[in-house]
Amino acid sequence: MTRVAVVTGGSAGLGRATVRELAARGWDVAVLARGADGVHAAVAEVEAAGRRGLALVADVSDRQAVEDAADRVEAELGPIDLWVNGVMVGVFGRFLDTAPEDFERATQVDYLGVVNGTRAALSRMVSRDSGHVIQVGSALGSRGIPLQGAYCGSKHAIVGFTESVVSELIEQGSKVRISRVDMPALNTIQFGWVKSTLPHHAQPVAPIYQPEVGARAIAATAEHPRRRTWVGESTVYTILGNRISGRFADWYAAKTLVGGQQIPEKDGEEIGVNLYEPVPGDHGAHGAFDEQSHEWSPQTWWVEHRRLGNGIIGAVLGVAGLAVATAAGRRR
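Let me sum up the structure you'll find in this document.

What counts and what doesn't
Residues numbered from 1 in each chain as written. Predicted model: local features only at pLDDT ≥ 70, side-chain atom pairs only at ≥ 80, totals over all residues. Heavy atoms only, no water. Helix = DSSP H or I, 4+ residues; strand = E, 2+ residues; numbered from the N terminus. Rg over C-alpha atoms; globule rule 2.2 N^0.38 Å. Buried < 20%, exposed > 50% of the residue type's maximum accessible area, 1.4 Å probe, protein only. Areas by Shrake-Rupley, 256 points an atom, 1.4 Å probe, with all protein chains shown as cover. Expected span 1.5 Å × (residues − 1). Bend = angle between axes of the 7 residues up to and from the residue. Pairing = 2+ DSSP bridges. Axes fitted to C-alpha atoms, helices over the stretch in contact; angles between N-to-C directions. Parallel < 35°, antiparallel > 145°, perpendicular 65-115°, else oblique. Left-handed = near helix turned anticlockwise from the far one by under 90°. Contact = heavy atoms within 4.5 Å. Nonpolar A, V, L, I, M, F, W, Y, C, P; charged D, E, K, R; others polar.

## Concerning the overall build of the protein chain
Okay, step 1: When helices and strands are tallied, the protein chain shows 11 helices and 14 strands.
Okay, step 2: For the protein chain, whose C-alpha radius of gyration is 21 Å, the value lies close to the compact-globule estimate of 20 Å for 332 residues.
Okay, step 3: Reported as C-alpha extents along the three principal axes, the dimensions of the protein chain are approximately 75 × 50 × 40 Å.
Okay, step 4: Burial statistics for the protein chain: of 332 residues in total, 52% are counted as buried.
Okay, step 5: Carbon and sulfur atoms make up 56% of the accessible area of the protein chain, which totals about 15,000 Å².

## Describing helix H4 (residues 100-128)
Okay, step 1: Spanning 29 residues, H4 covers 41 Å between terminal C-alpha atoms, matching the ideal 42 Å at 1.5 Å per step.
Okay, step 2: Residue Leu112 marks the point of greatest curvature in H4, where the axis turns by about 35 degrees.
Okay, step 3: Asp129 sits one or two positions beyond H4 and adopts a positive phi of about 55 degrees.

## Notes on the pairing of strand E6 (residues 132-138)
Okay, step 1: Of all seven residues in E6, seven are buried; the element is thus mostly enclosed.
Okay, step 2: Neither face of E6 is open: one carries His132, Ile134, Val136 and Ser138, the other Val133, Gln135 and Gly137, and all of them are buried.
Okay, step 3: As judged from the four bridges shared by strand E4 (residues 82-85) and E6, these two strands associate in the parallel manner. Residue Val84 lies in a different strand from E6, and its bridge partner there is Ile134.
Okay, step 4: Pairing of E6 with strand E7 (residues 177-183), which is carried by seven bridges, proceeds in the parallel orientation. Bridging from a neighbouring strand, His132 pairs with Arg177 of E7.

## Points about the packing of H4 against helix H5 (residues 149-172)
Okay, step 1: The interhelical angle for the contact between H4 and H5, taken along N-to-C directions, is 20 degrees, at an axis separation of 8 Å. Considering the angle they form, H4 stands roughly parallel to H5. In the crossing of H4 with H5, the sense of the turn from one axis to the other is right-handed. Between H4 and H5, the contacting residues are Phe103, Ala106, Thr107, Asp110, Tyr111, Val114, Val115, Thr118, Leu122 and Val126 on the first element and Gly149, Ala150, Tyr151, Ser154, Ala157, Ile158, Phe161, Val165 and Leu169 on the second.
Okay, step 2: Its residues assigned to classes, the contact of H4 with H5 comprises 14 nonpolar, four polar and one charged.

This is the structure:
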């Protein structure tokens, strides 16, 4: 069976890892991003895995460019079954130190890029009453942190936007699915090409996971749709902790996450700013933090194997129920 996926931001970072994972699982993959070098390299990996790939060089903040790209996918690969909205750019710095135009540009890509991708996907899927959109979210869509106001604001906006659209699809009785997969800090290339006003190299907030951890969760959600998935223990702790005590979360973020998002040891390793234009070259999936990154998470293993896990739970409960019934019978 042919399955066609579109991955925005698929040229690098988590998107690149997702392209690889989907191709390995038998999906044909269209890769949509601005950087031609990375897009074509990602497509070459899809084809090396024995699947069809399609290179789409476009800026997701350009709605018409996204629509044109979707038309190409359906003309050349076939109907889109899965659309993964995973593109992002970044600006690091205090809000008042960030140029308004930079803040707006990040919001256009990180939020409106998701809106444009979702529109392109749903306008084709709803009429067929089939398809799946995955929004790549973040723990920072539930808990904002200092120095990343544009990114946190965009991820929060994606939550509200997605909930609104999901409720509309339910009201219409549509079989089209929308999922949100919320990520922890990942060792991606973004920390080498964000636009930053910080004195030192930007770094993710520990614990850091390799992008393949997130990619496996996305692929598992694609194959077994679920409304919302949290990736990594830190995502679970962040979201639940903020629900329990937002005031403590404010204090903790203020005390630990300004210095905690900078690393002097990596100064000078930045590869260029990609906020307005792509950085030439193929940059792959991993950033500069391999030595600190986890390749596995027990919580994410559970996400990938939830059907097995549910079966184990069911078996345990079944045995327990049988034991209770047997004991009750003996008492009678």
